[in-house]
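Summary of the model geometry
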Amino acid sequence: MSARNAPTAARAGRLALGGLLAGALAGCGIAPTDVIDAGVPASGVKAPGQPVSDVQLFFYGQSGLRSATRPTKTPAGPQSALDLLLAGPDHAERMRGLSSVLPKFSGPLTADTTEGRVQITLPSMRALNSAAMNQLVCTVANAQVPGHKPPGQVLVTLMDAQTRIGPMICGGNNAFPVIEPSPTGSPTPMP
């Protein structure tokens, strides 16, 4: 073989090796699968400048509280997010192993908002445990709350006719009470 034909021979060898590998990988034993129903189809990339129209709902999975994002036609406020949460996980979310721990309430829940704050009024908080509070607080804090604060800065209060809990914030995947400092100028009592 001449030096002039060496590059052509090397290229032919690489092509043959590539063809051999492609043939070997094509028959590696992976069987074709049928179409699997996995929920809502992808909605594509949002156009620049368009508001985000997804809502985050919080349900429980095997490893604790998890968010589930659902597409909406318009940005969802706390009341809309709360209504979707109360309806429970959809088929795709249940297939992911998500469920709700919210009790059955004897009446409607309402979410009233002011800038950076949400107040959830319940018929009764008697059956409400900390896991259910996590679902409620994190869902409304991640909705479109007036003031456009990040979810971790939205103050959420839960109340019924006799009890008031909060304000609370959603820190990651849990609700935490807000610890407010004592007013300045007040002497701190010593034990």
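Everything that follows concerns the structure shown earlier in this document.
Note that the coordinates shown come from a computational prediction; the quantities given were computed from them, not determined experimentally.

Conventions adopted
- Residues numbered from 1 in each chain as written.
- Predicted model: local features only at pLDDT ≥ 70, side-chain atom pairs only at ≥ 80, totals over all residues.
- Heavy atoms only, no water.
- Buried < 20%, exposed > 50% of the residue type's maximum accessible area, 1.4 Å probe, protein only.
- Helix = DSSP H or I, 4+ residues; strand = E, 2+ residues; numbered from the N terminus.
- Arc of directions from axis to C-beta.
- Contact = heavy atoms within 4.5 Å.
- Core = buried A, V, L, I, M, F, W, Y, C linked by side-chain atoms within 4.5 Å.
- Salt bridge = Lys/Arg side-chain N within 4 Å of Asp/Glu carboxyl O.
- Pairing = 2+ DSSP bridges.
- Right-handed = clockwise from strand over helix to strand, strands pointing away.

The next thing to look at is helix 2 (residues 78-87). Buried within helix 2 are the following residues: Pro-78, Ala-81, Leu-82 and Leu-85. One side of helix 2 carries all its buried residues, which in axial view fall inside an arc of 100°. Close packing links the buried residues of helix 2 with strand 1 (54-61), strand 3 (110-114), strand 4 (117-121) and helix 4 (130-141). Directly after helix 2, the chain includes Gly-88, whose backbone phi takes a positive value near 90°.

Here we take up the nonpolar core. Soluble globular proteins tend to pack their nonpolar side chains together in the buried interior. Core analysis: the biggest nonpolar cluster contains 36 residues, and Val-118, Ile-120, Leu-122, Leu-128, Leu-136, Val-156 and Leu-158 have the highest contact counts within it. Secondary-structure elements contributing two or more residues to this core are strand 1, strand 2 (64-71), helix 2, strand 4, helix 4, strand 5 (155-159) and strand 6 (164-171). With 7 residues, the top contributor of residues to this core is helix 4. Residue contacts for Val-118: discarding those within four places in its chain leaves Pro-78, Ala-111, Asp-112, Thr-113, Val-140, Val-145, Val-154, Leu-155, Val-156 and Thr-157.

Between Gly-166 and Pro-167 the backbone carries a cis peptide bond, its omega angle lying at 10°. By the element assignment, Pro-167 lies in strand 6. Despite not being glycine, His-148 has its phi angle at roughly 50°, a positive value. With respect to the helices, strands and loops of the structure, His-148 is situated in the loop between helix 4 and strand 5. Classification of His-148 as exposed rests on a relative accessible area of 70%.

Going through the model one piece at a time under the given rule, you end up with 2 salt bridges. The salt bridge partner of Glu-93 is Arg-70, with a shortest N-O separation of 2.7 Å. Remark: Arg-70 occurs in strand 2 and Glu-93 occurs in helix 3 (residues 91-95); sequence separation between them is 23 residues. Judged by relative accessible area, which is 3%, Glu-93 ranks as buried. You can call Arg-70 buried: its relative accessible area is 12%.

Of all 5 residues in strand 5, 4 are buried, a share of seventy percent or more. Direction of pairing for strand 4 relative to strand 5: parallel, over a ladder of 5 bridges. Pairing of Thr-121 across the sheet is with Met-159, part of strand 5. Assessed by its sense of winding, the connection that carries the chain from strand 4 through helix 4 to strand 5 is right-handed.

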